[in-house]
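# Chains, contacts and geometry: an overview
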Amino acid sequence: MRVETLVALGRLPHRRPFQGLDAADRHAIERAMTAADIGSLRARTMGQVSGGERMRVLLARALAVDARVLLADEPIAALDPLHQLQVMELLRTIASEGRGVIVVLHDLALATRFCDRLILLARGGILVEGAPARVLTDAHVAEAYGVEVVRGERDGVPFLLPWKPSATSEGEVP
């Protein structure tokens, strides 16, 4: 399947059976492909794209739906650092425009930087929820992930990085 065709599948909820793409569909597809930075991939087949490109194609398909709420499960998996930042900035922009964005992430640094509200899961349930500063405390991160973090700030924006196994997790098998 060609990339552009896959992105067009995002328009299915807006079309009647056997109806072709109309101008609104084509505009939404183009806007989604531009936002996900995959315009140059449009004629390739899915078998001809890398894992990171595939993730951006799937994001473009989700964007083409133009739903009020976007659910993105690990949208930065397999992406290089530049595209990770671009995708997170794109999702932040979508949220700032009034649409809901729910993202599943394991990257604590990007969650701290780009998310307004976090729900931290551990042992099959919710450990804590709230603002990133409230959720990603040293104790909560150690309990949920078994790691200690290093914290910093750049341009007034806090960040944290997983640094080493916490004392309580050493010797444990994940």
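Higher on the page you've got the structure.
Keep in mind that what you see is a predicted model, and the values were worked out from it rather than measured.

### Examining empty space enclosed by the protein
The tally for this structure, following the rule as stated, stands at 1 cavity of 30 Å³ or more. Reported here for the largest cavity is a volume of approximately 40 Å³. Forming the walls of the largest cavity are Ala35, Ala36, Asp37, Arg56, His83, Gln86 and Val87. Here the lining of the largest cavity gets 3 residues from one element, more than from any other, and that element is helix H4 (residues 81–96). A breakdown of the residues in the lining of the largest cavity according to their chemical character gives 3 nonpolar, 2 polar and 2 charged.

### Some thoughts on H4
For H4, spanning 16 residues, the distance from its first C-alpha to its last is 22 Å, which sits close to the expected 22 Å at 1.5 Å a residue. All of the buried residues in H4 are His83, Val87, Met88, Leu90, Leu91 and Ile94. End-on view of H4: buried residues confined to an arc of 155°, all on one side of the axis. Seen from the open side of H4, the exposed residues pointing more than 90 degrees away from its buried face are Pro81, Leu82 and Ser96. The inward-facing, buried residues of H4 contact helix H2 (23–35), helix H3 (51–65), strand E1 (69–73), strand E2 (100–104) and helix H5 (108–114).

### Some remarks on the layout of surface pockets
A volume near 770 Å³ is recorded for the largest pocket. As for the largest pocket, its lining consists of 26 residues, of which Val103, Cys115, Arg117, Leu118 and Ile119 are closest to the centre. If you list the elements that add at least two residues to the lining of the largest pocket, you get H4, E2, H5 and strand E3 (118–122). By residue number, the principal contributor to the lining of the largest pocket is E2, which donates 5 residues.

### Looking at the nonpolar core
Core analysis: the biggest nonpolar cluster contains 40 residues, and Val3, Val7, Ile38 and Val57 have the highest contact counts within it. Put simply, the parts of the chain that give this core at least two residues each are helix H1 (3–8), H2, H3, H4, H5, E3 and strand E5 (147–154). Those residues in contact with Val57 that sit more than four places away from it in its chain are Val3, Leu6, Val7, Ile38, Leu41 and Met46.

Conventions used here
Residues numbered from 1 in each chain as written. Predicted model: local features only at pLDDT ≥ 70, side-chain atom pairs only at ≥ 80, totals over all residues. Heavy atoms only, no water. 1 Å grid on protein atoms, 1.4 Å probe; cavity = no way out; pocket = protein on both sides within 12 Å on 5 of 7 lines; lining within 4 Å. Points joined across faces, edges and corners; volume = space filled by probe spheres on them. Helix = DSSP H or I, 4+ residues; strand = E, 2+ residues; numbered from the N terminus. Nonpolar A, V, L, I, M, F, W, Y, C, P; charged D, E, K, R; others polar. Expected span 1.5 Å × (residues − 1). Buried < 20%, exposed > 50% of the residue type's maximum accessible area, 1.4 Å probe, protein only. Arc of directions from axis to C-beta. Contact = heavy atoms within 4.5 Å. Core = buried A, V, L, I, M, F, W, Y, C linked by side-chain atoms within 4.5 Å.

Keep in mind that these numbers describe shape and distance, not what the molecule does.
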